[in-house]
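Residue strings, one per chain:
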Amino acid sequence: MKKVLTLGELMLRLTPMHYNRFVQSHRFRAVYGGGEANVAISMAKFGYDTYFISKIVDNEIGDAAINQLREFNVNTDYIIRGGERMGLYYSEIGSSQRAPKVIYDRKNSSIARAKVEEFDFKKIFKDASLFFVSGILPALSKNCYDITLEAMKEAKRQKVMVAFDLNWRSSVIKLEDAVKIYNDFSPYIDILIGILPQLHDVKEGELTRDSVEKIFREIYNYYGFKYIVSTLRQSLSASDNTLSAAIFDGKNFYESKKLKVRIVDRVGGGDAFAAGLLSAILDGKSQEEAIDFAVAASSLKHTIKGDFNLVSKEKVQRIVNGNVSGRIDW
């Protein structure tokens, strides 16, 4: 069984009930989530020996968060305990013409104050096949930057494949500061997930097959990543989107099938995509097969409340094979 590692922050998520707005809500649904933890749970559901690396507060809330990971067969041996608090985020579900909204409250969280020497990365990366982290973690603090960079370096020393999701959030870090971080990490990245159209001669909202391929080629010519991948979302409304994706290896550009989704909860959709992509690559699927599998995984997550994509490989493959209408496979 292949060993998969993810590094990040597990947070408590509070969501108003029944599509309510924050300002009218007196009750919130509490679940746990966070990009790298979401990927870890998806990979565990897909059957990999998956480990989540983090620092989580040592109290009952931290206990409950870790229990969530264990419930879905994520190994928590590389989680250290301590710090002052667990990060929070508030997620307002969009509907029709009203867009979703996220508010973060994660300053001085346990992982943000963690130190690189607290993690024995040489031991952690032993016998690993894949390491996943996103750009949101090093944006949280200088400590998180140092932890992420050292983890990437150790992954390279032990010849572990590194996947990095840009996951840029303007509410967390300015674009120019994020780009500096991405440049520092680029020598250690094998699979880049995500693009920043703002850095290219392409207007946001006008991405086409040709413009995406142009962006991919520009990124490849500058950095030389093994794979560059991005989702291509078209928002018909906050309730209905179409999902597709593209992948480029320096020679071949492939675009996936397009799937229309009715959204129950879009949080974690990108993480489900990343997990689907990485699973397919680990399984030796072709580039075309990999992005079709990734888009199918993401489409299913949009139908599930909470952060986690609680589906198996078999259920994702049914979507890839054409069962997109929700009909029962007897």
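That block above? That's the structure.
Now for a quick tour of the structure. Since the model is a prediction, treat every value here as computed from it, not as a measurement. (Residues numbered from 1 in each chain as written. Predicted model: local features only at pLDDT ≥ 70, side-chain atom pairs only at ≥ 80, totals over all residues. Heavy atoms only, no water.)

Over its 15 residues, helix 8 (residues 287–301) extends 21 Å from the first C-alpha to the last, a length consistent with the 21 Å expected when each residue adds 1.5 Å. A large share of helix 8 lies buried, amounting to 13 of its 15 residues. (Helix = DSSP H or I, 4+ residues; strand = E, 2+ residues; numbered from the N terminus. Expected span 1.5 Å × (residues − 1). Buried < 20%, exposed > 50% of the residue type's maximum accessible area, 1.4 Å probe, protein only.)

A separate point is the packing of aromatic side chains. Evaluated as defined, the whole model comprises 14 aromatic pairs. Aromatic pair Phe 125 and Phe 131: ring centres 5.1 Å apart, planes at 75°, arrangement edge-to-face. In this structure, Phe 125 and Phe 131 share a single accessibility class: buried. An aromatic cluster is defined as three or more aromatic residues linked by ring pairs; in this entry it consists of Phe 119, Phe 121, Phe 125 and Phe 131. It is Lys 3 that lies over the ring of Tyr 51; its NZ or CZ is 5.0 Å from the centre. (Phe/Tyr/Trp six-rings, centres within 6.5 Å; stacked < 30°, edge-to-face > 60°. Lys NZ or Arg CZ within 6 Å of the ring centre and 35° of its normal.)

Let us now look at the pattern of salt bridges. Per the stated rule, a full pass over the model turns up 19 salt bridges. Across the pair Glu 255 and Arg 209 runs a salt bridge whose closest N-O atoms are separated by 3.4 Å. Remark: Arg 209 occurs in helix 6 (residues 209–223) and Glu 255 occurs in strand 13 (residues 253–255); sequence separation between them is 46 residues. For Arg 217, the salt bridge identified is with Glu 213, shortest N-O distance 3.1 Å. Linking Arg 217 with Glu 213, this pair stays in helix 6, spanning four residues, or about one helical turn. With relative accessibility at 34%, the residue Arg 217 sits in the partly exposed group. (Salt bridge = Lys/Arg side-chain N within 4 Å of Asp/Glu carboxyl O.)

Where helix 7 (residues 269–282) meets helix 8, the closest approach of the two axes is 7 Å, and the angle between their N-to-C directions is 145°. Crossing geometry of helix 7 relative to helix 8 is assigned as right-handed. Two secondary-structure elements touch here, helix 7 through Gly 269, Ala 272, Phe 273, Gly 276, Leu 277, Ser 279, Ala 280 and Ile 281 and helix 8 through Ala 290, Ile 291, Phe 293, Ala 294, Val 295, Ala 297, Ser 298 and Lys 301. Of the residues in the contact of helix 7 with helix 8, the class split is eleven nonpolar, four polar and one charged. (Axes fitted to C-alpha atoms, helices over the stretch in contact; angles between N-to-C directions. Left-handed = near helix turned anticlockwise from the far one by under 90°. Contact = heavy atoms within 4.5 Å. Nonpolar A, V, L, I, M, F, W, Y, C, P; charged D, E, K, R; others polar.)

Grouped together as the largest cluster of nonpolar side chains are 49 residues, with contacts concentrated most on Leu 5, Ile 53, Phe 125, Phe 131 and Phe 164. If you tally residues by element for this core, the top one is helix 4 (residues 142–157), at seven residues. Contacts of Phe 164, omitting those with residues within four sequence positions, involve Val 133, Ser 134, Gly 135, Met 152, Tyr 182, Phe 185, Ile 189, Ile 191, Leu 192 and Ile 193. Residues Tyr 227, Ile 247, Leu 278 and Leu 282 belong to the second largest nonpolar core, which totals 40 residues. (Core = buried A, V, L, I, M, F, W, Y, C linked by side-chain atoms within 4.5 Å.)

As judged from the three bridges shared by strand 10 (residues 191–193) and strand 11 (residues 227–235), these two strands associate in the parallel manner. Residue pairing across strands places Ile 193 opposite Val 229, the latter belonging to strand 11. Here eight bridges tie strand 11 to strand 12 (residues 240–248), and the two strands are oriented antiparallel to one another. The residue of strand 12 that forms the bridge with Ser 230 is Ala 246. Connecting strand 11 to the next strand, strand 12, in antiparallel fashion are four residues. (Pairing = 2+ DSSP bridges.)

Another aspect to go through is helix 6. Helical geometry: 3.6 residues make up each α-helical turn, so side chains three or four residues apart lie on a common side. The end-to-end C-alpha distance of helix 6, which contains 15 residues, comes to 21 Å, matching closely the 21 Å that a straight helix rising 1.5 Å per residue would cover. Looking only at helix 6, the buried set comprises Ser 211, Val 212, Glu 213, Ile 215, Phe 216 and Ile 219. Of the surrounding secondary structure, the elements contacted by the buried residues of helix 6 are strand 10, strand 11, strand 12 and strand 13. Of the residues one or two after helix 6, Gly 224 is the one with positive phi, at around 75°.

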